[in-house]
Amino acid sequence: MSAFYIFMAITRKKKENILKDLADKFSRAKAAILVDFNKLSVAKTMELRRSLKQIGAEYKVAKKTLISRVLKAGDYKGADLDELKTQVGIVFSYEDPVPAASSLYKFSRLNEALKILGGFLGLEWSDKAKIIEIAKLPPREILLSKVVRTIAAPLSGLVAVLS
């Protein structure tokens, strides 16, 4: 016995709600990273959502045509979703983009079904290589401590000379 699935088209009202929701998420996000989630299991998707939620990020799936409309309306530059021949998910990072990119990069290395396609940092498109480069940055606190240490080093050297 085979199972039949009936796929109903999304109503105009529901599409409008999705557009409003996406526009809101894009406007609040410091970074929006696009991923290919083709062949990613439901269990792995839930694992991804949980790990992103812990760092203040969110994973959303929508049709490429709806995402494209939001991008055009919001003056986002550089991405052409029509070129992508796959399903697209979006990871929204509302705070620091580094932890979200890092978490996503680590997850994609463990799960080959998830691939980073690129993303938006502000309104500008960044390719996959740039997102991975950002993902490899140390956390903000470590970067700040390095800056403080660099600034403090000459002062401690001066104190040592004067002593």
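In short, a report on the structure.

## As for the overall build of the protein chain
A tally of helices and strands in the protein chain yields six helices and five strands. Listing every helix and strand of the protein chain by position from the N terminus yields α-β-α-β-α-β-α-β-β-α-α. Compactness check: the protein chain gives a C-alpha radius of gyration of 20 Å against a globular reference of 15 Å for 163 residues, more than 25% above the reference. Its C-alpha atoms give the protein chain principal-axis dimensions of roughly 85 × 40 × 25 Å. With 163 residues in all, the protein chain has 33% of them scored as buried. Partitioning the intrachain contacts of the protein chain with sequence separation of at least 6 by distance along the chain shows that 80% fall at a separation of at least 24. Taken together, the 29 basic and 17 acidic charged side chains of the protein chain have centroids lying 4 Å from each other.

## Examining the pairing of strand 3 (residues 88-93)
Burial runs high along strand 3: six of the six residues are buried. Of the two faces of strand 3, the one holding Val88, Ile90 and Phe92 and the one holding Gly89, Val91 and Ser93 are both buried throughout. Bridge count between strand 1 (residues 31-36) and strand 3: six bridges; the pairing is antiparallel. Across the sheet, the residue bridging to Leu34 is Ile90, located in strand 3.

## A closer look at the packing of aromatic side chains
All chains considered together, the criterion is met by seven aromatic pairs. Pairing Phe26 with Phe92 gives two aromatic rings, centres 5.0 Å apart and planes at 90°, and the pair type is edge-to-face. A residue pair is termed long-range when its members are at least 10 positions apart, and Phe26 in helix 1 (residues 12-28) and Phe92 in strand 3 qualify at 66 residues. The exposure class assigned to Phe26 is buried, which follows from its relative accessible area of 3%. We classify Phe92 as buried; its relative accessible area is 0%. Joined through ring pairs, the aromatic side chains of Phe26, Tyr76, Phe92, Tyr94, Phe120 and Trp125 make up one cluster. One cation-aromatic arrangement involves Arg28 over Tyr94; the distance from NZ or CZ to the ring centre is 4.5 Å.

## A look at the pattern of salt bridges
Counted by the stated rule, this structure contains six salt bridges. Between Lys60 and Asp21 there is a salt bridge; the shortest N-O distance is 3.2 Å. Residue Lys60 is found in strand 2 (residues 57-61), and its partner Asp21 is found in helix 1; the two are separated by 39 residues along the sequence. On the basis of relative accessibility, which here comes to 25%, the residue Asp21 falls in the partly exposed class. When the shortest N-O distance is used, the salt bridge between Arg28 and Asp24 registers 3.2 Å. In this pair, Arg28 and Asp24 both sit in helix 1, four residues apart, roughly one turn of the helix. Here the residues in one salt-bridge network are Asp21, Lys25, Glu58 and Lys60, joined through shared partners.

## Here we look at the pairing of strand 1
With respect to burial, strand 1 is a largely interior element, six of its six residues being buried. Of the two faces of strand 1, the one lined by Ala31, Ile33 and Val35 and the one lined by Ala32, Leu34 and Asp36 are each fully buried. Sheet topology places strand 1 next to strand 4 (residues 115-121); six bridges connect them, and they run antiparallel. Within the sheet, the bridge partner assigned to Ala31 lies in strand 4 and is Leu121.

## Topic: the packing of helix 1 against helix 3 (residues 64-73)
Where helix 1 meets helix 3, the closest approach of the two axes is 9 Å, and the angle between their N-to-C directions is 50°. By the angle class used here, helix 1 and helix 3 are oblique. Pair helix 1 / helix 3 crosses with right-handed handedness. Residues Lys15, Ile18, Leu19, Leu22, Ala23 and Phe26 of helix 1 touch helix 3, and the partners they reach there are Leu66, Ile67, Arg69, Val70 and Leu71. Across the contact of helix 1 with helix 3, the residue classes tally to nine nonpolar, no polar and two charged.

So, how was this worked out
Residues numbered from 1 in each chain as written. Predicted model: local features only at pLDDT ≥ 70, side-chain atom pairs only at ≥ 80, totals over all residues. Heavy atoms only, no water. Helix = DSSP H or I, 4+ residues; strand = E, 2+ residues; numbered from the N terminus. Rg over C-alpha atoms; globule rule 2.2 N^0.38 Å. Buried < 20%, exposed > 50% of the residue type's maximum accessible area, 1.4 Å probe, protein only. Contact = heavy atoms within 4.5 Å. Lys, Arg positive; Asp, Glu negative; His and termini not counted. Charge placed at Lys NZ, Arg CZ, Asp CG, Glu CD. Pairing = 2+ DSSP bridges. Phe/Tyr/Trp six-rings, centres within 6.5 Å; stacked < 30°, edge-to-face > 60°. Lys NZ or Arg CZ within 6 Å of the ring centre and 35° of its normal. Salt bridge = Lys/Arg side-chain N within 4 Å of Asp/Glu carboxyl O. Axes fitted to C-alpha atoms, helices over the stretch in contact; angles between N-to-C directions. Parallel < 35°, antiparallel > 145°, perpendicular 65-115°, else oblique. Left-handed = near helix turned anticlockwise from the far one by under 90°. Nonpolar A, V, L, I, M, F, W, Y, C, P; charged D, E, K, R; others polar.

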